[in-house]
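Overview (structure and organization)
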Amino acid sequence: MIGIILAAGRGRRLMPLTENIPKPMVNLKNRPMIYYTIQQLLGTVDSVVVVGGYRADVLRRYIESNYMDFIFRENKDYGEGNITSIAVVRDIIEKSDGFILMNSDHIYPPGFISLVVKQADYVSAVCDRGRSLGSDDMKVTAEGTRLISISKRLHSYTHGYIGVTLVKKSGLSDYIASLDLILRKKNWKSYCAEDVLQNMAAGGKNPLVLDVGRVEWYEIDSPEELRRAENEAGYI
């Protein structure tokens, strides 16, 4: 299994911190945010792929200086939907025996990813419950363990998506087929990674919802969220 870290975003809401460095390189307790994502994957996956975009040169230097065996890919369309980052690693995905898709600005408790890997099956969207969700949060409607819909625009939902998708070997061909349907659209660059899951559900190949209940995790999009993680995430 491989780990794929989406790290191409501009991070505009973190300005001026991201004026000269990409969002994943913003410091959280004296380490780049992406460091914590990488730590989740080490020892859990066979290889790691990092997809950079904005100021890819800065991120590439950090990765190549500290993680010699990682694969780095550059997404030059980083200003579009983040499905463009998946597109640049499609060839790697196809040759894999499964993968974990993560964001570089999400912080989870130590060992969290290794635990969900053991629980995941087919194509699993990792979700929580009991969290207050805002307009920018990804929402999920499930029936049992079947994902029915996933979107930020859902008015009725059962779960919140926490930014991790696991694709086991058993679900790889269905995931790629769903991805390819989107990549063939004229406006494919406007899509997001979660649209692949929605497309699967619409086609009757429903992904699974891996419900982790309530877990202390942080998404960092603004200086306020950065300060909150620094002050509250005692496990960092």
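Everything below is about the structure printed above this text.
Notes on the structure follow.

Here's the deal with the pairing of strand β9 (residues 139-143)
- Two elements, β9 and strand β10 (residues 146-151), share five bridges in a ladder whose sense is antiparallel. Within the sheet, the bridge partner assigned to V140 lies in β10 and is I150.
- Linkage of β9 to β10, two consecutive antiparallel strands, is achieved through a turn of two residues, within which G144 is found at a positive phi near 65°.
- One ladder, built from two bridges, connects β9 with strand β11 (residues 159-168); its direction is antiparallel. Counted as the bridge partner of K139 is G160 from β11.

Some words on the side chain of D105
- Looking at the secondary structure, you find D105 in the loop between β6 (98-103) and β7 (106-107).
- By relative accessible area, D105 is classed as buried at 9%.
- Within the structure, D105 has its side chain in polar contact with the side chain of K23 (distance 2.5 Å).
- Discounting residues that sit within four places of it in the chain, D105 has contacts with K23, M33, Y218, E219, I220 and D221.

Some details on the layout of surface pockets
- Empty space within the largest pocket amounts to approximately 1100 Å³.
- For the largest pocket, the lining is made up of 41 residues, of which R13, N82, N103, K152 and E219 are closest to its centre.
- Those elements that provide at least two residues to the lining of the largest pocket are β1 (2-7), α3 (83-87), β10, β11 and α7 (194-202).
- Tallied by class, the residues present in the lining of the largest pocket amount to 12 nonpolar, 14 polar and 15 charged.
- Space inside the second largest pocket adds up to approximately 410 Å³.

Details of the pairing of strand β4 (residues 47-52)
- The buried fraction of β4 is high, at five of six residues.
- Two strands pair when backbone bridges link them, and β1 and β4 are joined in this way by six bridges, in the parallel orientation. Directly across from I2, in β4, lies its bridge partner S47.
- With four bridges joining them, β4 and strand β5 (residues 71-74) adopt parallel strand pairing. Bridge pairing in β5 links V51 to R73.
- After leaving β4, the chain enters helix α2 (residues 56-66) and then returns to the sheet as β5, a path that is right-handed.

Digging into the packing of helix α1 (residues 33-41) against α2
- As a packed pair, α1 and α2 sit with axes 12 Å apart at the nearest point and diverge in direction by 45°. One element, α1, and the other, α2, form an angle in the oblique class. As α1 packs across α2, the resulting crossing turns out to be right-handed. For the pair α1 and α2, the contacting residues are I34, Y35 and I38 in the first and L59, Y62 and I63 in the second.
- Its residues assigned to classes, the contact of α1 with α2 shows six nonpolar, no polar and no charged.

Here we look at the environment of G163
- Locating G163 in the fold gives a position in strand β11.
- G163 sits in the buried class, given a relative accessible area of 5%.
- Considering only alpha carbons, one finds G163 and M102, 61 residues apart in sequence, at a separation of 6.1 Å.
- Sequence-distant contacts of G163, that is, excluding residues within four places in its chain, are made with L101, M102, N103, H106, Y108 and V126.

Here we look at the pattern of salt bridges
- Across all of its chains, the model carries 18 salt bridges by this definition.
- As a salt-bridge pair, R13 and D221 come within 3.6 Å of each other at their nearest N and O atoms. Of this pair, R13 sits in the loop between β1 and β2 (27-28) while D221 sits in the loop between β13 (218-219) and α8 (223-232), and the two are 208 residues apart along the sequence.
- In this structure, E143 engages R146 in a salt bridge whose closest nitrogen and oxygen atoms are separated by 3.6 Å.
- Of the residues examined, R146 reaches a relative accessible area of 37% and is grouped as partly exposed.

Some thoughts on the packing of helix α6 (residues 169-183) against α7
- Two elements in contact, α6 and α7, have axes separated by 9 Å at closest approach and are oriented at 105°. With respect to α7, the element α6 is oriented roughly perpendicular. Note on element contacts: α7 touches α6 through D195, V196, L197, N199 and M200, opposite D174, Y175, S178, L179, L181 and I182.
- Looking at the contact of α6 with α7 residue by residue, the class counts come to seven nonpolar, two polar and two charged.

Definitions and cut-offs
Residues numbered from 1 in each chain as written. Predicted model: local features only at pLDDT ≥ 70, side-chain atom pairs only at ≥ 80, totals over all residues. Heavy atoms only, no water. Pairing = 2+ DSSP bridges. Helix = DSSP H or I, 4+ residues; strand = E, 2+ residues; numbered from the N terminus. Buried < 20%, exposed > 50% of the residue type's maximum accessible area, 1.4 Å probe, protein only. Polar contact = N/O pair within 3.5 Å; in protein donor to acceptor, adjacent residues only side chain to side chain. Contact = heavy atoms within 4.5 Å. 1 Å grid on protein atoms, 1.4 Å probe; cavity = no way out; pocket = protein on both sides within 12 Å on 5 of 7 lines; lining within 4 Å. Points joined across faces, edges and corners; volume = space filled by probe spheres on them. Nonpolar A, V, L, I, M, F, W, Y, C, P; charged D, E, K, R; others polar. Right-handed = clockwise from strand over helix to strand, strands pointing away. Axes fitted to C-alpha atoms, helices over the stretch in contact; angles between N-to-C directions. Parallel < 35°, antiparallel > 145°, perpendicular 65-115°, else oblique. Left-handed = near helix turned anticlockwise from the far one by under 90°. Salt bridge = Lys/Arg side-chain N within 4 Å of Asp/Glu carboxyl O.

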